[in-house]
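Coordinate analysis (summary)
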Amino acid sequence: MNVAINGRDFTGDLLTVIQDMFAFLEAENCAIQIEQDFRDNCQANNVQLPKHTIFSNLHELIDADLAISIGGDGTLLETVSYVGKKEIPILGINMGRLGYLATTKREDIRESLSEFINGNYELDKRTLLSLITEDKRFGNKNFALNEVAILKRDTSSMIRAHISVDDVFLNSYWADGIIVSTPTGSTGYSLSCGGPIVLPGSENLIITPICPHNLTMRPLIIPDKSKIQIDLEGRTKNILISLDSRSESVPTNFSLKVQKAGFKANLVKLKNSVYFNTLREKLNWGKDVRN
């Protein structure tokens with residue numbers, strides 16, 4: 001089995017967890033690829049590395065049977081950017097705090113990897129967004145698992161976003177920004193701005209204004225086959241466009257399109273994984289003493 005591994009910088013007891021994972025993969029005779037920065041951190045902390053190759057971008061990542069993300073949700077989003085159109089299954093191991101997407105606990109790594117090797121898993125196919133601009137912003141990483149966010153940057157003035165859906169004018173939003181999110185991203189930035197929770201299997205996208213000037217501008221759910229055109233205006237000199245954890249500054253008068261990507265992110269779903277259980281746990285539902 002060929003395994004690609006991406007992770008954050010770790011110290012202390014977490015290094016022991018990583019060392020144990022390497023030992024397990026080596027015992028299973030896995031061919032191993034390690035992201036370069038993560039490999040360098042392991043070496044700097046005297047982690048004994050198995051025989052491996054390295055990668056630092058999606059072109060260097062050789063087709064693999066499994067991509068392991070070691071960290072939190074941000075690391076998993078970064079791993080998605082490495083995998084891209086290869087659609088390699090991704091197993092998220094939670095070393096952070098929330099772990100909404102990276103749901104495998106650190107103490108369950110061996111068991112989870114064994115389940116994958118033995119075929120006891122399903123693939124949770126998650127919709128990705130594609131950003132289309134004339135100047136090809138973000139290059140070959142113009143996709144996002146959670147959301148495309150458009151944000152004012154350098155003044156207190158609002159931005160104005162003229163939005164059309166499938167070539168039909170929807171509205172002009174005066175706001176601090178606009179979020180277009182997938183069902184996966186509905187529990188992220190969009191949720192904090194008043195957007196709805198949408199189940200991962202739903203074939204929808206969510207348009208959520210950030211602090212709109214007109215309070216009747218509410219989040220809107222549309223079919224994910226829709227193509228969204230956004231034309232921006234504002235008094236600010238620059239506007240920030242963010243794809244998950246990657247962002248770039250663009251001029252005020254800028255146009256972009258957002259639509260469903262032609263490929264998906266395959267998250268490994270182990271047999272004991274239930275979405276509603278994750279929802280309750282991560283959002284602290286049922287913590288009321290009356291329950």
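To start, this report covers the structure provided alongside it. (Residues numbered from 1 in each chain as written. Predicted model: local features only at pLDDT ≥ 70, side-chain atom pairs only at ≥ 80, totals over all residues. Heavy atoms only, no water.)

Turning our eyes to something else, we now look at the overall build of the protein chain. Summing up its helical and strand segments, the protein chain has six helices and 18 strands in all. Computed over C-alpha atoms, the radius of gyration of the protein chain comes to 20 Å, within 12% of the 19 Å expected from 2.2 N^0.38 for 291 residues, which places it in the range of a compact globule. The principal-axis extents of the C-alpha atoms in the protein chain amount to approximately 60 × 50 × 35 Å. Among the 291 residues that make up the protein chain, the fraction classed as buried is 49%. Of note, the protein chain has its 32 positive side-chain charges centred 5 Å away from the centre of its 35 negative side-chain charges. (Helix = DSSP H or I, 4+ residues; strand = E, 2+ residues; numbered from the N terminus. Rg over C-alpha atoms; globule rule 2.2 N^0.38 Å. Buried < 20%, exposed > 50% of the residue type's maximum accessible area, 1.4 Å probe, protein only. Lys, Arg positive; Asp, Glu negative; His and termini not counted. Charge placed at Lys NZ, Arg CZ, Asp CG, Glu CD.)

Looking at the element boundaries, Cys30 is found in the loop between α1 (13–27) and β2 (31–35). A relative accessible area of 11% places Cys30 in the buried class. On a C-alpha basis, the gap between Cys30 and Phe55 in space is 16 Å, while along the polypeptide they are 25 residues apart. Those residues in contact with Cys30 that lie beyond four places of it in its chain are Met1, Val3 and Leu25. (Contact = heavy atoms within 4.5 Å.)

Now for the nonpolar core. Ile5, Met21, Leu25 and Ile68 are the most contacted members of the largest nonpolar core, which totals 28 residues. Looking at this core, the elements with two or more residues in it are β1 (2–7), α1, β2, α2 (36–44), β4 (66–71), β5 (90–94), α4 (109–117) and β18 (255–270). Every residue in contact with Ile5, bar those within four places of it in the chain, is listed here: Met21, Phe22, Leu25, Ile32, Gln33, Ile34, Glu35, Phe38, Phe55, Ile68 and Ile70. Formed by 27 residues, the second largest nonpolar core is a distinct cluster that contains Ala161, Ile207, Leu243 and Leu256. (Core = buried A, V, L, I, M, F, W, Y, C linked by side-chain atoms within 4.5 Å.)

Summarising burial for helix α3 (residues 73–83): nine of the 11 residues are buried, a large majority. Where α3 ends, the next residue or the one after it, Gly84, has phi of about 55°, a positive value.

With that out of the way, let us pick up the packing of α1 against α4. It is at 10 Å that the axes of α1 and α4 come closest, and there the two elements cross at 30°. Judged by the inter-axis angle, α1 sits roughly parallel to α4. Between α1 and α4 lies a crossing whose hand is right-handed. Judged by residue contacts, Val17, Asp20, Met21, Ala23, Phe24 and Leu25 of α1 engage Ile109, Arg110, Leu113, Ser114 and Ile117 from α4. Residues belonging to the contact of α1 with α4 are distributed by class as follows: eight nonpolar, one polar and two charged. (Axes fitted to C-alpha atoms, helices over the stretch in contact; angles between N-to-C directions. Parallel < 35°, antiparallel > 145°, perpendicular 65-115°, else oblique. Left-handed = near helix turned anticlockwise from the far one by under 90°. Nonpolar A, V, L, I, M, F, W, Y, C, P; charged D, E, K, R; others polar.)

What follows concerns unusual backbone geometry. One non-glycine residue, Asn29, adopts positive backbone phi at about 60°. Relative to the elements of secondary structure, Asn29 occurs in the loop between α1 and β2. Using a relative accessible area of 67% as the deciding quantity, one classes Asn29 as exposed. Positive phi outside glycine occurs at Asn284, with the angle close to 60°. Looking at where Asn284 falls in the secondary structure, it is placed in the segment after α6 (275–282).

Moving on, we come to the sheet that holds strand β12 (residues 177–181). In spatial order, the strands read β14-β13-β12-β9-β16-β17; together these six strands make up an open sheet with antiparallel pairing. Strand pairing shows two members of the sheet lacking a second neighbour, β14 (220–223) and β17 (246–251), which therefore form its edges. Going from strand to strand, the sheet's axes swing by 20° on average, the running direction of each strand aside. Where strand β9 (residues 147–152) and strand β16 (residues 238–243) come together, five bridges link them in antiparallel fashion. Bridging from a neighbouring strand, Ile150 pairs with Ile241 of β16. (Pairing = 2+ DSSP bridges.)

With that settled, the discussion passes to the environment of Lys86. Relative to the helices and strands, Lys86 resides in the loop between α3 and β5. Lys86 sits in the partly exposed class, given a relative accessible area of 31%. Each C-alpha atom of the pair Lys86 and Asp63 lies 6.9 Å from the other, and the pair is 23 residues apart in sequence. Leaving out residues up to four positions away in the same chain, Lys86 has contacts with Leu58, Leu61 and Asp63.

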